[in-house]
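In case you want the letters, here they are:
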Amino acid sequence: MAKKIDEEALAEAYNRALALEKAGDVDAAVKAYEEVLAIDPEDHGGAAVRIASMGRGETPVRAPDAYVETLFDQHAEVFEDVLVEQLGYHVPMMVRQRLQELKLGPFKRMLDLGCGTGLTGGTLRDLCEDMTGIDISENMVEIAHEKDVYETLFVAEVEDFLDDNDEDAFDLITATDVLPYLGALEPLFFGAAENLTPGGLFIFSSETLSQADTRPYAVGPHQRFLHAESYIRERLTATGFELVEMTGINVRMQEGEPSPGHLVIAKLAS
């Protein structure tokens, strides 16, 4: 049985760590975040990701499930307003435009990974006969359910779902705004390949690691994972995909600055 977390001690340690990070005292902040992890090993506050964003410790292979779930459960009600209106997030519309330009679709079965409140599903609804949405946040899935966009919805972590799923294969899998919460991409790409029909499309967005950085992926200053373009290409090839196109995009605005990224369309080799 999981031991009960001392919420008060956790809040105190977390606020102390945040204040130290803000003050630029990296050593003390890292130490404070390590105390946070000792109190809450599941890491609901994303301490491991914050340590990595300061350039310390090991880069995690993905953001902790408890952190992603908490983050989105908390923001579900205001999610669309913040993302679209304040952060200028238009990736779902870009996906639709690229599909139409390339004359791809319509699709029989679509799987929307990290579906959130259904932004991508809603944008592509008329191009797909049957849509399944997956998200780790129950609150997000509830909002998506109210919109009546998807035939099927699951509350699950994306990689776990792809690993366990034994439903019929899909001919389109989307993952908009999923990669910023994942470091290593092999499990996602392999899982997508396992769940696609031959010739099926896998479309996703990523935020790009600067070319001066030689790592495959890293946690950026906003606690989101950034991926090297070369790493994405390499992992796609390794998991049986052919690249259709990789378009440079601005994923969203963050503190008034654009977040450079890519919109990637890949096709499972048939």
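As the structure is a computational prediction, the values presented were derived from the model and not from experiment.

Engineer: Go over the sheet that holds strand β3 (residues 152-155) with me, naming the residues and quoting the values.
Structural biologist: Taken in spatial order, the seven strands make up an open sheet running β3-β2-β1-β4-β5-β9-β8, and their pairing is mixed. Lying at the two open borders of the sheet, with one neighbouring strand each, are β3 and β8 (241-254). Averaged over all neighbouring strand pairs, the angle between strand axes comes to 15°, with direction disregarded. Both strand β5 (residues 196-207) and strand β9 (residues 257-268) contribute to a ladder of seven bridges, which runs antiparallel. From the neighbouring strand, E207 faces β9, where its bridge partner is G261. In the packing of helix α6 (residues 91-101) onto the sheet, the strands contacted are β1 (107-113), β5, β8 and β9, and the crossing angle to β8 comes to about 145°. Sheet strands in contact with helix α11 (residues 229-238) are β5, β8 and β9, and its direction is about 145° off that of β8.

Engineer: Could you give me a rundown of the pattern of salt bridges, with the residues and numbers involved?
Structural biologist: This structure, assessed with the given rule, holds 18 salt bridges. When the shortest N-O distance is used, the salt bridge between R56 and D27 registers 2.6 Å. Placement of the pair is R56 in the loop between α3 (47-53) and α4 (65-75) and D27 in helix α2 (residues 26-39), with a sequence separation of 29 residues. Judged by relative accessible area, D27 falls into the exposed class, the value being 52%. In this structure, the salt-bridge partner of K147 is E80, at a minimum N-O distance of 2.4 Å. Pair noted here: K147 is in helix α8 (residues 138-147) and E80 is in helix α5 (residues 79-86), with a separation of 67 residues, a long-range link. Residue K147 is classed as partly exposed on the basis of its relative accessible area, which comes to 36%.

Engineer: Hey, could you go over the packing of aromatic side chains for me, with residue numbers and the actual values?
Structural biologist: Enumeration over the complete set of coordinates arrives at ten aromatic pairs. Centre to centre, the rings of F72 and F79 are 5.9 Å apart; their planes meet at 75°, and the pair counts as edge-to-face. One exposure class covers both F72 and F79, and it is buried. On the numbers, 5.4 Å between centres and 75° between planes, the contact of F72 with Y181 is edge-to-face. Of this pair, F72 sits in helix α4 while Y181 sits in the loop between β4 (170-175) and α10 (186-194), and the two are 109 residues apart along the sequence. Here the two residues F72 and Y181 agree in accessibility, since each one is buried. Pairwise contacts between aromatic rings join F189, F202, F204 and F241 into one cluster. Sitting over the face of the ring of F170, R109 holds its NZ or CZ atom 4.4 Å from the ring centroid.

Engineer: Give a description of a negative patch on the surface that names residues and reports values.
Structural biologist: A surface patch of negative charge is lined by D160, D163, D164, D166, E167, D168 and E194. Inspection of the secondary structure puts D164 in helix α9 (residues 158-164).

Engineer: Describe the nonpolar core, with residues and values.
Structural biologist: A general tendency of soluble globular proteins is for nonpolar side chains to be buried together. In terms of nonpolar packing, the biggest core is built from 74 residues, with L113, L188, F202, F204, L236 and F241 touching the most fellow members. Setting aside anything within four residues of it in sequence, one finds F202 in contact with I173, A175, L188, F189, A192, L196, L236, F241, V264, I265 and A266. Membership of the second largest hydrophobic core comes to twelve residues, among which are V30, A32, Y33 and I51.

Engineer: Break down the state of the cysteines for me, with residues and values.
Structural biologist: Taken as a whole and assessed by the stated rule, the structure comprises zero disulfides. Here C115 stays free of any disulfide, with the sulfur of C128 as its closest cysteine sulfur at 13 Å. In this structure C115 comes out as buried when scored by relative accessible area, which is 5%. Judged by its relative accessible area of 6%, C128 is buried.

Conventions and cut-offs
- Residues numbered from 1 in each chain as written.
- Predicted model: local features only at pLDDT ≥ 70, side-chain atom pairs only at ≥ 80, totals over all residues.
- Heavy atoms only, no water.
- Pairing = 2+ DSSP bridges.
- Helix = DSSP H or I, 4+ residues; strand = E, 2+ residues; numbered from the N terminus.
- Axes fitted to C-alpha atoms, helices over the stretch in contact; angles between N-to-C directions.
- Contact = heavy atoms within 4.5 Å.
- Salt bridge = Lys/Arg side-chain N within 4 Å of Asp/Glu carboxyl O.
- Buried < 20%, exposed > 50% of the residue type's maximum accessible area, 1.4 Å probe, protein only.
- Phe/Tyr/Trp six-rings, centres within 6.5 Å; stacked < 30°, edge-to-face > 60°.
- Lys NZ or Arg CZ within 6 Å of the ring centre and 35° of its normal.
- Patch = residues over 30% accessible without salt bridge, like charges linked within 9 Å, V, L, I, M, F, W, Y side chains within 5 Å.
- Areas by Shrake-Rupley, 256 points an atom, 1.4 Å probe, with all protein chains shown as cover.
- Lys, Arg positive; Asp, Glu negative; His and termini not counted.
- Charge placed at Lys NZ, Arg CZ, Asp CG, Glu CD.
- Core = buried A, V, L, I, M, F, W, Y, C linked by side-chain atoms within 4.5 Å.
- Disulfide = S-S within 2.5 Å.

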